[in-house]
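Summary of structural features
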Amino acid sequence: LDTHSKLNTFNSTYAAELARSCGYNDDTAALIENMTLANAVTDLIPFGIDEPFYDEIIKRCHSNLIGTLKEGTDLHLYLINPADNKFETLNS
């Protein structure tokens, strides 16, 4: 989610609900709901595909996008943590 372009905004309510659905506790979800920047989540939930929160983001993006592509089109999704230029990917 590119919130720096001002073309998108961080939906903290959605992110908090996503965290709850991934098994994070209500305190964590409440902290996320009060955030205004998406990149602040990495201060609370360590960045990595092994974290259920980020794994679920990639899965939901994939499921929403795959049906919009022509058959045979490759889809490459990346989660990028600008703090250390680390990225995780899921290809299909």
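Residues numbered from 1 in each chain as written. Predicted model: local features only at pLDDT ≥ 70, side-chain atom pairs only at ≥ 80, totals over all residues. Heavy atoms only, no water.

**A few points about the overall build of the protein**
Of the regular secondary structure elements, the protein holds 4 helices and 2 strands. Tracing the protein from N to C terminus, the helices and strands come up as α-α-α-α-β-β. With 92 residues in all, the protein has 27% of them scored as buried. The long-range share in the protein, meaning contacts at least 24 apart out of those at least 6 apart in sequence, stands at 34%. If you sum the accessible surface of the protein, you get close to 6,300 Å²; carbon and sulfur atoms cover 51% of it. (Helix = DSSP H or I, 4+ residues; strand = E, 2+ residues; numbered from the N terminus. Buried < 20%, exposed > 50% of the residue type's maximum accessible area, 1.4 Å probe, protein only. Contact = heavy atoms within 4.5 Å. Areas by Shrake-Rupley, 256 points an atom, 1.4 Å probe, with all protein chains shown as cover.)

**Some points on the packing of helix α1 (residues 12–21) against helix α2 (residues 26–33)**
Packing of α1 against α2 brings their axes to within 8 Å, and their N-to-C directions diverge by 165 degrees. Our classification of the angle between α1 and α2 gives roughly antiparallel. Remark: the crossing between α1 and α2 carries right-handed chirality. Contacts from Ser 12, Thr 13, Ala 15, Ala 16, Ala 19 and Arg 20 of α1 reach α2 at Asp 26, Ala 29, Ala 30, Ile 32 and Glu 33. By residue class, the composition of the contact of α1 with α2 is 6 nonpolar, 2 polar and 3 charged. (Axes fitted to C-alpha atoms, helices over the stretch in contact; angles between N-to-C directions. Parallel < 35°, antiparallel > 145°, perpendicular 65-115°, else oblique. Left-handed = near helix turned anticlockwise from the far one by under 90°. Nonpolar A, V, L, I, M, F, W, Y, C, P; charged D, E, K, R; others polar.)

**Considering the pattern of salt bridges**
One pass over the full model with this rule turns up 4 salt bridges. Residue Asp 55 pairs with Lys 59 through a salt bridge whose shortest N-O separation is 3.0 Å. Of this pair, Asp 55 and Lys 59 both sit in helix α4 (residues 52–65), 4 residues apart, which is roughly one turn of the helix. Assessed through its relative accessible area of 23%, Asp 55 is described here as partly exposed. A salt bridge links Arg 60 to Glu 56, with the nearest nitrogen and oxygen atoms 2.9 Å apart. Note that Arg 60 and Glu 56 are positioned in helix α4 at a spacing of 4 residues, about one turn of the helix. When its relative accessible area of 25% is taken as the criterion, Arg 60 is described as partly exposed. Overall, Glu 56 belongs to the partly exposed group, its relative accessible area being 23%. (Salt bridge = Lys/Arg side-chain N within 4 Å of Asp/Glu carboxyl O.)

**As for the packing of aromatic side chains**
Applying the stated criterion to the full structure yields 3 aromatic pairs. Note on Tyr 24 and Phe 53: the rings are 6.4 Å apart at their centroids and 80 degrees apart in plane angle, and the pair reads as edge-to-face. Residue Tyr 24 is located in the loop between α1 and α2, and its partner Phe 53 is located in helix α4; the two are separated by 29 residues in the primary sequence. As far as the burial class goes, Tyr 24 and Phe 53 line up, both buried. (Phe/Tyr/Trp six-rings, centres within 6.5 Å; stacked < 30°, edge-to-face > 60°.)

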